[in-house]
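Next come the chains, spelled out residue by residue.
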Amino acid sequence: MNRIELLGVPVDVCLPENLEEEIMKILEKPGTKQIVFLTLWDLLKARNKKKDFGDCLRNADLILPISKSILKGARFLKLDVPVRYNPFNAVIQILNTLDHHYKSLYLLGAHKKTLQKAEHNVHDTFKNLRIVGRYVGYFPKSSESDVVQAIYKASPSLVILSEGIKEKNLWAYHRRDKFSSSIFLYYPDCIGIFAGRIRRVSEKTFDAGKEIWNEIGHNPFKVFLIFPYMRYKILLLFYRLFRKDKKSGEAGVYHVESLEKNKEEPKES
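Let me sum up the structure you'll find in this document.

Turning to the packing of helix α1 (residues 19–28) against helix α5 (residues 87–100), a few remarks are in order. Put simply, α1 and α5 touch, their axes get as near as 10 Å, and they point 65° apart. Like other packed secondary-structure pairs, α1 and α5 cross with a definite hand, here right-handed. Judged by residue contacts, L19, E20, I23, M24 and L27 of α1 engage Q93, I94, T97, L98 and H100 from α5. Taken together, the residues of the contact of α1 with α5 break down into six nonpolar, three polar and one charged.

What follows is the structure, encoded as C-alpha cells:
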C-alpha cells in the first residue's frame, strides 16, 4: 500500500484485493487505530492548519477516498491514482474480514430502535462476528465517560461510529489515549442502512460520481458546495504549475511501512 499526498493531504492507494491483508495488519498494531473514508470536502478541510483534522488524517492507519474528484485530482497531478471505495461496500468487506477471523464489533450511533434493528441484522449476516456492545448516538456530554469506559472494557476489534456522533472522525482521534486496541471507523449512514431505515446510494449513481445530487435533494443548501469545488480546481492547477516537486516518485508519495519504521527509529542526538 502506498500513501500519496494530494494538495498536502494524505490519501492511501489500496487495492480492494489487498484490503483484507491491510485490515489484519492494522489489527496487529497496538493502541487506537483509525480508518477514514475521505470525501473531497474532508480533503479541503484537512488543509486548514488551524484545525486538527489534518493531524487526524496524518495519524490514520488507512485513508480510503470515496469522492471521484480525488482520483481525478491525483491523475491531474500525475500522482499514483488511488482506488475509489463505495463506503458501504467497503464496510461489508471489512466486516467479512473480521467475520472470517472471528473478531468483534461495537456499534455506536443512531437512535435506540434503529440501533437494535441494525445489531439484529448484522448478527444474522455475520455469524462469526461477535457484537460485544452498542450505544446510541446523540448522547449527552454527561454520558460520554460511560461510553468510553464501555468501549475500553469491551475492547472490540472494530468500532463503527454512525449518526449522532457530533465530532465524527475526530471523536476517536480526540480520545485515542483512552482505548486499548480497537479500530474506529466513522460512516454516518452505516447503522441506518443496516437497519433498513436509510436507503443507500445505488451502484450506478455512485459509479458515475453523481451521489452529490442525492445529498442536494435532501439538503438544497449543499448546492453551495460548488464554491469549495471550484477552489479545489484552482488549487490543483496551482500545484500542477508551481509544485512540481510533488510528482509521483518524489516527496508526494511514500510507503506507509517506511513511515511507520521511521517513527519507531530513535533520533540521533
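What follows covers the nonpolar core. Counting 37 residues, the largest nonpolar core has V91, L95, L105 and L158 as its most contacted members. Counting residues per element, this core draws most heavily on α5, which supplies six residues. Once you skip the residues sitting within four places of it in the chain, L158 turns out to touch I94, L95, L98, S104, L105, Y106, I183 and L185. Counting residues in hydrophobic clusters, the runner-up holds 27 residues, among them L6, L40, F53 and Y173.

Turning to the sheet that holds strand β5 (residues 104–108), a few remarks are in order. In space, the six strands of this open sheet follow the order β4-β3-β8-β7-β5-β6, with parallel pairing throughout. In this open sheet, the two edge strands, each paired with only one partner strand, are β4 (62–65) and β6 (130–135). Across the sheet, the mean angle separating the axes of adjacent strands is 20° when strand polarity is ignored. One ladder, built from five bridges, connects β5 with β6; its direction is parallel. Considered in β6, the bridge of L107 is made with R134. On top of the sheet, α5 reaches β3 (33–38), β5, β7 (158–161) and β8 (183–186); it is set at about 155° to β7, its chief contact.

Right, let's get into the pairing of strand β1 (residues 2–6). Of the pairings in the sheet, the one linking β1 to strand β2 (residues 9–13) comprises five bridges and is antiparallel in character. Bridge assignment links N2 to a residue of β2, and that residue is V13. Linking β1 to β2, which pair antiparallel, is a turn of two residues; within it L7 sits at a positive phi near 55°.

Burial of the side chains of β8 extends over both faces: I183 and L185 are buried on one face and F184 and Y186 on the other. Alignment of β3 against β8, held across three bridges, turns out to be parallel. Note that in β8 the partner of K33 across the bridge is I183. Note: β7 against β8, four bridges, orientation parallel. Across the sheet, L158 pairs through a bridge with I183, a residue of β8. Following the chain from β7 across helix α8 (residues 169–174) to the adjacent parallel β8, one finds a crossover that is right-handed.

Applying the stated rule across the entire model yields eleven salt bridges. The partner of D55 in a salt bridge is R58, with the nearest N and O atoms 2.9 Å apart. In this pair, D55 and R58 are both assigned in helix α3 (residues 53–59), three residues apart and thus about one turn of the helix distant. With a relative accessible area of 32%, D55 lands in the partly exposed category. Classification of R58 as partly exposed rests on a relative accessible area of 42%. Ionic pairing is found between E211 and R84, a salt bridge with its closest N-O pair at 2.9 Å. With E211 in helix α11 (residues 211–218) and R84 in the loop between α4 (68–76) and α5, the pair connects residues that are 127 residues apart, well separated along the chain. For the pair E211 and R84, a shared accessibility class is recorded, and that class is buried.

Cut-offs and rules
Residue indices follow the written sequence of each chain, beginning from 1 at its first position. Restriction of local features to residues with pLDDT of at least 70 applies here, the model being predicted, together with a cutoff of 80 or more for giving and counting side-chain atom pairs; totals for whole chains, interfaces and linings are based on all residues. Side-chain metrics in this entry use all non-hydrogen atoms of the structure; hydrogen atoms and water are not considered. Every axis corresponds to a line fitted to the C-alpha atoms, with the helix fit spanning only the stretch in contact, and the corresponding angles, defined between N-to-C directions, vary from 0 to 180 degrees. In this description a helix means any DSSP run of H or I spanning at least four residues, a strand means any run of E spanning at least two, and both kinds are numbered starting from the N terminus. The hand of a helix crossing depends on one turn: near helix anticlockwise from the far one by less than a right angle means left-handed, and clockwise means right-handed. Note on contacts: a residue pair qualifies if any of its non-hydrogen atoms lie within 4.5 Å across the two residues. Residues are grouped as follows: nonpolar covers Ala, Val, Leu, Ile, Met, Phe, Trp, Tyr, Cys and Pro; charged covers Asp, Glu, Lys and Arg; every other residue, Gly included, is treated as polar. For our purposes a nonpolar core is just a set of buried Ala, Val, Leu, Ile, Met, Phe, Trp, Tyr and Cys residues, chained together by side-chain atoms within 4.5 Å. Throughout, exposure labels follow a simple rule: accessible area from a 1.4 Å probe, protein chains only, divided by the maximum for the residue type, with under 20% read as buried, over 50% as exposed, and the rest as partly exposed. Note on pairing: two strands pair once DSSP finds at least 2 bridges between them. For the handedness criterion, the strands are oriented away from the viewer, and a crossover whose path from the first strand over the helix to the second runs clockwise is classed as right-handed. Think of a salt bridge as a Lys or Arg side-chain nitrogen and an Asp or Glu carboxyl oxygen that are within 4 Å of each other.

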